[in-house]
Amino acid sequence: MVAAGADLADEVGLAHLTMGLLAERLGVRTPSLYKHVGGQEDLVRRIAALATAQAADAVGAAVQGLAGRDALAAALRAFRAFVIAHPGRYAATTGMEPIGPDDPMALAGRRLFDVFRAVLRGYEIEERDVNHALRMVRSLCHGFATLEAAGGFKWSTDIDESFAWLIAFTDRGLRAG
């Protein structure tokens with residue numbers, strides 16, 4: 001049911017996902033959903049955990065065996081591709097706070113965090129600056145991918161070329177840091 005909710009969020013947008021719409025998609029009555037989730041908030045939390053785990057899997061697979069700029073490029077491309085392919089489920093992850101250390105959102109978040117930390121090991125970043133570097137990388141990729149997914153790049157310059165520029169810029173910044 002959570003996967004169906006995530007698929008529906010990708011189709012209609014997270015803001016338009018409702019328990020009624022999900023019930024209709026599944027061919028059940030809305031009250032039947034409450035046997036599986038505690039309500040809309042619980043559904044969104046579960047979608048966020050699923051999306052974060054899927055993003056961690058995608059980015060982790062992309063960087064396997066790579067280091068430095070190659071790992072950075074692969075990670076950013078995989079993250080961007082995930083956001084573009086799954087805008088609704090990705091939207092559920094933004095601002096979602098884990099409710100405890102064993103929360104599936106916390107576990108998936110740590111996996112994704114660990115993949116990006118591993119990517120940053122290819123750069124000479126002091127330990128005290130790693131969190132700053134992680135925030136910068138996430139902000140750049142999040143901003144680019146969510147703008148792209150929303151159709152925010154309407155001018156004629158090739159989007160992939162712009163993303164390659166973002167990767168090169170980020171790599172130079174991380175090397176200089």
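The structure under discussion appears in the preceding block.
As a starting point, this report considers the structure included with it. Bear in mind that the values here come from a model prediction, so they are computed numbers and not experimental data.

Conventions used here
Residues numbered from 1 in each chain as written. Predicted model: local features only at pLDDT ≥ 70, side-chain atom pairs only at ≥ 80, totals over all residues. Heavy atoms only, no water. Core = buried A, V, L, I, M, F, W, Y, C linked by side-chain atoms within 4.5 Å. Buried < 20%, exposed > 50% of the residue type's maximum accessible area, 1.4 Å probe, protein only. Helix = DSSP H or I, 4+ residues; strand = E, 2+ residues; numbered from the N terminus. Contact = heavy atoms within 4.5 Å. Axes fitted to C-alpha atoms, helices over the stretch in contact; angles between N-to-C directions. Left-handed = near helix turned anticlockwise from the far one by under 90°. Nonpolar A, V, L, I, M, F, W, Y, C, P; charged D, E, K, R; others polar. 1 Å grid on protein atoms, 1.4 Å probe; cavity = no way out; pocket = protein on both sides within 12 Å on 5 of 7 lines; lining within 4 Å. Points joined across faces, edges and corners; volume = space filled by probe spheres on them. Parallel < 35°, antiparallel > 145°, perpendicular 65-115°, else oblique.

Attention now moves to the nonpolar core. Counting residues in hydrophobic clusters, the biggest one holds 34 residues, and the most contacted among them are Val59, Leu76, Phe79, Phe116, Leu120 and Leu174. Listed by contribution, the elements that provide at least two residues to this core are helix H4 (40–63), helix H5 (68–85), helix H7 (104–120), helix H8 (130–149) and helix H9 (159–176). Considering every element that reaches this core, the biggest residue donor is H5, with ten residues. If near-sequence neighbours (up to four positions away) are discounted, leucine 120 is found in contact with Ile125, Val130, Ala133, Leu134, Val137 and Leu174. Among the nonpolar cores identified, the runner-up in size contains 19 residues, and Leu22, Leu33, Ala48 and Ala49 belong to it.

What follows concerns the packing of H4 against H5. Contact pair H4 / H5: the axes reach a minimum separation of 8 Å and the direction vectors enclose 145°. Remark: the crossing between H4 and H5 carries right-handed chirality. Residues Ala51, Gln54, Ala55, Ala58, Val59, Ala62 and Val63 of H4 pack against Ala71, Ala74, Ala75, Ala78, Phe79 and Phe82 of H5. Residue composition of the contact of H4 with H5, by class: twelve nonpolar, one polar and no charged.

This brings us to the layout of surface pockets. Estimated volume of the largest pocket: approximately 710 Å³. Along its surface, the largest pocket is lined by 26 residues, and Thr52, Gly109, Leu112, Phe113 and Arg138 are the ones closest to its centre. Among the secondary structure elements, those contributing two or more residues to the lining of the largest pocket are H4, H5, helix H6 (87–93), H7 and H8. Its residues placed into classes, the lining of the largest pocket shows 15 nonpolar, seven polar and four charged.

On to the packing of helix H1 (residues 2–12) against H4, then. Each packed pair of helices is defined by two parameters, the angle between the axes and the distance between the axes. Where H1 contacts H4, the two axes come as close as 9 Å, and the packing angle between them is 85°. Classed by the angle they form, the pair H1 and H4 counts as roughly perpendicular. Of the residues in H4, those touching H1 at Val2, Ala3, Gly5 and Ala6 are Leu43, Arg46, Ile47 and Leu50.

The subject of this paragraph is the side chain of arginine 45. Relative to the assigned elements, arginine 45 resides in helix H4. According to the relative accessible area criterion, arginine 45 is buried, its value standing at 16%. For arginine 45, the residues in contact, after removing those within four places along its chain, are Met96, Glu97, Pro98, Ile99, Asp103 and Met105.

Structural measurements only, silent on function.
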